[in-house]
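Each chain, letter by letter, is given below.
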Amino acid sequence: MKYRVLFRVDSGKHIGLGHLIRCLSIAKALDPSRFEVTFACRKHVESNYSFFFTNTPFSLIELSSSSINASIGSLAYNSWLGVSELEDFEETFLRLENFEQKFDFIVIDHYALGLKWEQKAINFTKKLIAIDDLGNRKHVAHCVIDPNFGSFEDKFKGSVEDY
């Protein structure tokens with residue numbers, strides 16, 4: 001039996017490639033004989049990330065394109081999706097095969113996806129993991145990873161619910 005892993009991450013002119021590259025690096029470290037990896041990515045204007053998935057064992061689910069067309073840093077993080085968190089969640093899970101079957105892990109690496117998305121997603125996974133280097137929003141994820149070197153433990157104090 002393979003563990004099922006879903007990465008929800010985007011890239012684009014207004015976001016950059018860092019989140020996608022980070023998630024691809026994590027996915028490539030997983031043994032393909034033990035993990036079935038799926039990426040769900042929104043097709044933003046002027047983003048071409050599909051070549052990153054060439055010659056990989058990963059599935060790619062492309063979510064509908066958004067109307068965002070802005071340069072990096074010109075938009076607030078929460079507008080980077082081009083849709084609401086709940087619309088993004090609904091489209092993500094409607095596009096996935098075996099929707100009824102839970103994922104073993106869902107990894108979210110997106111500044112615009114937060115508590116509302118996590119509250120829905122936690123019902124479809126055994127473990128929800130949020131990658132967050134900002135520490136400026138609440139989480140219900142089982143695990144929050146801050147990839148920044150030198151971050152402080154109290155950065156997320158009060159933002160992660162206890163189980």
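Preceding block: the structure.
This write-up is about the structure you can find in this document. (Residues numbered from 1 in each chain as written. Predicted model: local features only at pLDDT ≥ 70, side-chain atom pairs only at ≥ 80, totals over all residues. Heavy atoms only, no water.)

**A short note on the pattern of salt bridges**
Two side chains that carry opposite charge are able to pair once their charged atoms sit near each other. Basically, it comes down to this: Salt bridge, as applied in this entry: a Lys or Arg side-chain nitrogen positioned within 4 Å of an Asp or Glu carboxyl oxygen. To qualify as a helix, a DSSP run of H or I must reach at least 4 residues; to qualify as a strand, a run of E must reach at least 2; elements of each kind are numbered from the N terminus. Exposed residues in this analysis have more than 50% of their type's maximum accessible area, buried residues have under 20%, and partly exposed residues fall in between, with area computed by a 1.4 Å probe over protein chains only.
Applying the stated criterion to the full structure yields 9 salt bridges. Here E91 and R42 are joined by a salt bridge, their closest N and O atoms 3.1 Å apart. Highlighted residues: E91 in helix α2 (residues 85-95) and R42 in strand β2 (residues 35-42), separated in sequence by 49 residues. With relative accessibility at 18%, the residue E91 sits in the buried group.

**What about the packing of aromatic side chains?**
To keep it simple, the criterion reads: A pair of aromatic rings is counted whenever rings of Phe, Tyr or Trp (Trp by its six-membered ring) have centres within 6.5 Å, and the orientation is called stacked for planes under 30 degrees apart, edge-to-face for over 60 and tilted otherwise. Whether a charge sits over a ring comes down to the Lys NZ or Arg CZ being within 6 Å of the ring centre and within 35 degrees of the ring normal.
Summed over the entire model, instances satisfying the criterion amount to 10 aromatic pairs. Consider the rings of F7 and F39, whose centres lie 4.8 Å apart with planes at 10°: the pair is stacked. On the criterion of sequence distance, the pair formed by F7 in strand β1 (residues 3-9) and F39 in strand β2 is long-range, its members being 32 residues apart. By the burial criterion, F7 is buried, and F39 matches it. An aromatic cluster of three or more residues is present, and its members are F7, F39, F53 and F58. Lying across the ring of F103, R4 places its NZ or CZ 4.1 Å from the centre.

**Looking at the sheet that holds β2**
Just so we agree on the cut-off: One bridge is not enough; two strands pair if DSSP finds at least two bridges between them. Under this scheme, a helix contributes an axis fitted over its contacting stretch, all axes are lines through C-alpha atoms, and angles between N-to-C directions fall in the 0 to 180 degree range.
The parallel open sheet is built from 6 strands, whose spatial order is β3-β2-β1-β4-β5-β6. Pairing within the sheet leaves two strands with one partner each, and these edge strands are β3 (59-63) and β6 (143-145). Each strand axis lies, on average, 20° off the axis of its neighbour in the sheet, ignoring direction. As judged from the 5 bridges shared by strand β4 (residues 103-109) and strand β5 (residues 125-131), these two strands associate in the parallel manner. Residue pairing for β5: F103 is matched across the bridge by T125.

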